[in-house]
Amino acid sequence: MAKKKKLTVAVIDTETTMRNEHSHLIFDFAFVIGNVYDNHSYDILEKNYLIKDTLKNPDAYKQFWDYCSRMGVDVITAYNLNFDLKAMQKTQAQFSDKQLRLPNGVDKVCLMDMCQTFIMNRDFKIWWDNLEDSFRSQFTTDKGNLSYSAECLYRYLFDDYFYKEQHTALRDCRMEYKLLKYCYSKWSPEINKHFINNIKGVSWRTANKIFSKKEKLAMRNEKRKKRANQIQMDF
């Protein structure tokens, strides 16, 4: 019997407070942990912590790391991972003297970076150019630009043009886990080569003007090369 393919990934999502005395602190934190190559939902672990757990008990994150260790998580991700990790760090610092640290040996990858690179490709552009005008507002920002939000790319991939992102941490985690599984099913070698521990910011200009996966990957690698050269110069 062939050995089953396995990559255990934790998808996290945070919902944060806005302009008040707890500005940008987490009030809703969730994660979904599972093997992205396994299609059996009973193998997935889901967990959600609401305001009383996160603001008053930052050890909720320790519980998350414990689950990661126990389940052998290989990769942690989120849709805009840097935002979620910074929110976790800020919330931890507000209520604890302990520094928030990722578990040893766990890689990081940004799902938003991957989706914008892979899904908004030439097929996407052909689909967009032929989309009925009555549907176009479901895939654009208030300024009329193509949106690379998780909600819009989910609508495109799963042919659900009026899907609404719930903006509750666990529901959003479930949606993003589906996006992640799709990406790994299609582009696993490229993800491992270009995206693991190599997080890049996403530009709305790139998302609206460049629809070639090859060109986008070349741009990412060029930025990485420039950064490596700059580090060498600093020494």
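Each value, and the rule that gives it
- Along each chain, numbering runs from 1 in the same order as the chain's sequence is written.
- Totals for whole chains, interfaces and linings use all residues, but because this is a predicted model, local features are given only for residues with pLDDT of at least 70 and pairs of side-chain atoms are given and counted only at 80 or more.
- As a rule here, side-chain values come from all non-hydrogen atoms in the structure, and water together with hydrogens is ignored.
- Helix and strand definitions follow DSSP, with helices as H or I runs of at least four residues and strands as E runs of at least two, each counted in order from the N terminus.
- Relative accessibility decides the category of a residue: with a 1.4 Å probe and only protein chains considered, values under 20% of the type maximum give buried, values over 50% give exposed, and everything between is partly exposed.
- Here, residues are in contact when the closest pair of their heavy atoms is within 4.5 Å.
- Areas reported as accessible are Shrake-Rupley estimates using a 1.4 Å probe. Residue values count occlusion only from the protein chains shown.
- Strands are treated as partners if at least two bridges between them are detected by DSSP.
- Here, axes are lines fitted to C-alpha atoms. For helices the fit covers the stretch in contact, and angles between N-to-C directions go from 0 to 180 degrees.
- Any angle that falls under 35 degrees is termed roughly parallel, while one over 145 is termed roughly antiparallel, one within 65 to 115 roughly perpendicular, and all others oblique.
- The crossing is said to be left-handed when, going from far helix to near helix, the turn is anticlockwise and less than a right angle, and right-handed when the turn is clockwise.
- Whether a crossover is right-handed depends on one test, that the path from the first strand over the helix to the second runs clockwise when the strands point away from the viewer.
- Expected helix span is computed as 1.5 Å times (number of residues minus one).
- In this description, one arc is meant: the one made by directions from the helix axis to the C-beta atoms.
- Each Phe, Tyr or Trp ring (for Trp, its six-membered ring) is paired with any other whose centre lies within 6.5 Å, and the angle between the two planes then decides the class: stacked below 30 degrees, edge-to-face above 60, tilted in between.
- Any residue with an atom within 4 Å of a point lines the site, the site being either a cavity, points on a 1 Å grid over the protein atoms alone where a 1.4 Å probe fits but cannot get out, or a pocket, an open set with protein on both sides within 12 Å along at least 5 of 7 lines.
- Grid points are joined across faces, edges and corners, and a volume is the space filled by probe spheres set on the points.
- Amino acids are sorted into nonpolar (Ala, Val, Leu, Ile, Met, Phe, Trp, Tyr, Cys and Pro), charged (Asp, Glu, Lys and Arg) and polar (every other residue, Gly among them).
- Note on scores: pLDDT gives the predictor's confidence for each residue, bounded by 0 and 100.

Q: Teacher, can you tell me more about the overall build of the protein chain here?
A: If you tally the helices and strands in the protein chain, you get ten helices and five strands. Burial analysis of the protein chain (235 residues in total) assigns 47% to the buried set. Considering only contacts in the protein chain between residues 6 or more positions apart, those separated by 24 or more positions represent 69%. Just so you have it, the protein chain exposes about 13,500 Å², and 48% of that area is on carbon and sulfur atoms.

Q: What am I meant to see in the sheet that holds strand β5 (residues 107–110) here?
A: Picture the strands of a sheet paired through backbone hydrogen bonds; they go either parallel or antiparallel. The mixed open sheet is built from five strands, whose spatial order is β3-β2-β1-β4-β5. Edge positions in the sheet fall to β3 (45–49) and β5, since each has one partner strand and no second. Each strand axis lies, on average, 20 degrees off the axis of its neighbour in the sheet, ignoring direction. Across five bridges, strand β2 (residues 26–35) lies against β3 in antiparallel orientation.

Q: What should I look at first to understand the packing of helix α7 (residues 150–157) against helix α8 (residues 169–194) in this one?
A: The relative placement of two packed helices is expressed as an angle between their axes plus a distance between the axes. Contact geometry of α7 with α8 gives a least axis separation of 10 Å together with a crossing angle of 55 degrees. It follows from the interaxial angle that α7 and α8 lie oblique. In this structure, the crossing between α7 and α8 has a hand that is left-handed. For the pair formed by α7 and α8, the contact residues are Ala150, Glu151, Leu153, Tyr154 and Leu157 on the first element and Met175, Glu176, Lys178, Leu179 and Tyr182 on the second.

Q: Even after reading the chapter, I still don't get the pairing of β5, so can you show me in this structure?
A: Note on strand geometry: in a regular strand, side chains alternate between the two faces of the sheet. Direction of pairing for strand β4 (residues 75–78) relative to β5: parallel, over a ladder of four bridges. Its bridge partner lying in β5, valine 75 is registered against aspartate 107. Crossover β4 to β5 through helix α3 (residues 81–95) is right-handed.

Q: What is the right way to look at α3 in this model?
A: An α-helix turns once every 3.6 residues. As a result, residues three or four positions apart point the same way. Relative to the 21 Å expected for 15 residues at 1.5 Å per residue, α3 spans 22 Å between its end C-alpha atoms, a close match to the ideal helical length. Of all the positions in α3, only Leu81, Asp84, Leu85, Ala87, Met88, Thr91 and Gln92 are classed as buried. Projected down its long axis, α3 shows its buried positions confined to an angular sector of 160 degrees, all on one face. In α3, the exposed positions angled more than 90 degrees off the buried face are occupied by Lys86 and Ala93.

Q: Would you mind showing me how to read the packing of aromatic side chains here?
A: Counted by the stated rule, this structure contains 22 aromatic pairs. Centre to centre, the rings of phenylalanine 118 and tryptophan 187 are 4.9 Å apart; their planes meet at 10 degrees, and the pair counts as stacked. Placement of phenylalanine 118 in helix α4 (residues 111–118) and of tryptophan 187 in helix α8 is noted, with a sequence separation of 69 residues between them. Pair check on accessibility: phenylalanine 118 and tryptophan 187 agree, each one buried.

Q: I keep staring at unusual backbone geometry and nothing clicks. Help me out?
A: Peptide bonds are trans in most cases, and residues, glycine excluded, mostly fall at negative phi. At aspartate 159, a position not held by glycine, the phi torsion is positive, near 55 degrees. Relative to the assigned elements, aspartate 159 resides in the loop between α7 and α8. The phi dihedral of histidine 167 is positive, around 55 degrees, even though this residue is not glycine. Assignment of secondary structure puts histidine 167 in the loop between α7 and α8.

Q: In this structure, what is going on with the layout of surface pockets? I would like to understand it.
A: Empty space left among the atoms is revealed by rolling a probe the size of a water molecule over them. Put simply, the largest pocket is a space of about 370 Å³. As for the largest pocket, its lining consists of 16 residues, and the residues nearest its centre are Asp13, Tyr79, Phe83, Glu165 and His167. Among the residues making up the lining of the largest pocket, the classes are represented as five nonpolar, five polar and six charged.

Q: Looking at this structure, how should I read the confidence of the model for the protein chain?
A: Low pLDDT marks regions whose predicted coordinates should not be analysed in detail. Overall, the prediction assigns the protein chain a mean pLDDT of 86, with 86% of residues at 70 or greater. Predicted confidence for residues 227–235 stays below pLDDT 50, and this span has zero contacts to residues more than four positions away or in other chains.

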